[in-house]
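# What the coordinates show
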Amino acid sequence: MIGLLLALVGCTPTCEQVCTKLVGCENAGTEMLAADDCRESCEKQRDLYQSWTDQQLRDAFDDSLSCYQSESCETIATGACYNSEIWSW
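The residue numbering used here restarts from 1 in each chain and proceeds along that chain's sequence as written. It should be noted that, the model being predicted, local features are given only for residues of pLDDT at least 70 and side-chain atom pairs only at 80 or more, the latter also being counted only at that level, while totals for whole chains, interfaces and linings use all residues. Remark: hydrogens and water are excluded; side-chain values derive from all non-hydrogen atoms of the structure.

## Points about the side chain of Ser-64
Here a strand is any run of E in DSSP of at least two residues, a helix any run of H or I of at least four, and the numbering for each starts at the N terminus. Among the structural elements, Ser-64 can be located in helix H4 (residues 55-70). With residues near it in sequence (within four places) discarded, Ser-64 still touches Cys-81 and Ile-86. We call two residues contacting when some pair of their heavy atoms lies within 4.5 Å.

## Some remarks on the state of the cysteines
Cysteine sulfur atoms that pair up within 2.5 Å are treated as a disulfide. Tallying each qualifying case throughout the model produces 4 disulfides. In this model Cys-19 forms its disulfide with Cys-38; the gap between the sulfur atoms is 2.0 Å. Residues Cys-19 and Cys-38 are joined by a disulfide whose S-S torsion is about -75 degrees; by sign, that bridge is left-handed. Of this pair, Cys-19 sits in helix H2 (residues 15-24) while Cys-38 sits in helix H3 (residues 35-51), placing them 19 residues apart in sequence. As far as burial versus exposure is concerned, Cys-19 and Cys-38 are alike and both buried. Paired through a disulfide, Cys-67 and Cys-81 show a sulfur-sulfur distance of 2.0 Å. The S-S bond linking Cys-67 to Cys-81 shows a torsion near -75 degrees; that makes this disulfide left-handed. Here Cys-67, found in helix H4, pairs with Cys-81, found in the segment after helix H5 (73-77); they are 14 residues apart in sequence, far enough to count as distant. A single burial state applies to Cys-67 and to Cys-81, both of which are buried. Take the cysteines of the protein that form disulfides and number them in order along the sequence; they join up as 1-5, 2-4, 3-7, 6-8. For every residue, the accessible area (1.4 Å probe, protein chains only) is compared with the maximum for its type, and the residue is labelled buried under 20%, exposed over 50%, or partly exposed between those bounds.

Scope: geometric values only; no functional claims are made or implied.
Put into structure tokens, the structure is as follows:
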């Protein structure tokens, strides 16, 4: 049981999880974003990065997803998780 909990803590959130949160953040600059559009764009970007050999870029994308999932809507609104090198959705 403890191993399962530790594994879940270290997992990168899915695009669906992150987009659900972002759409729910009414004042984080995402109010015009539809959940399906967000998820589709995020998954396309993730798949593109997975096809490349640039591990730093893939790690940065995963870090971004983790940040958006863990931060509050207020800190997201201030740009806490924004990374101009990977943000496209």
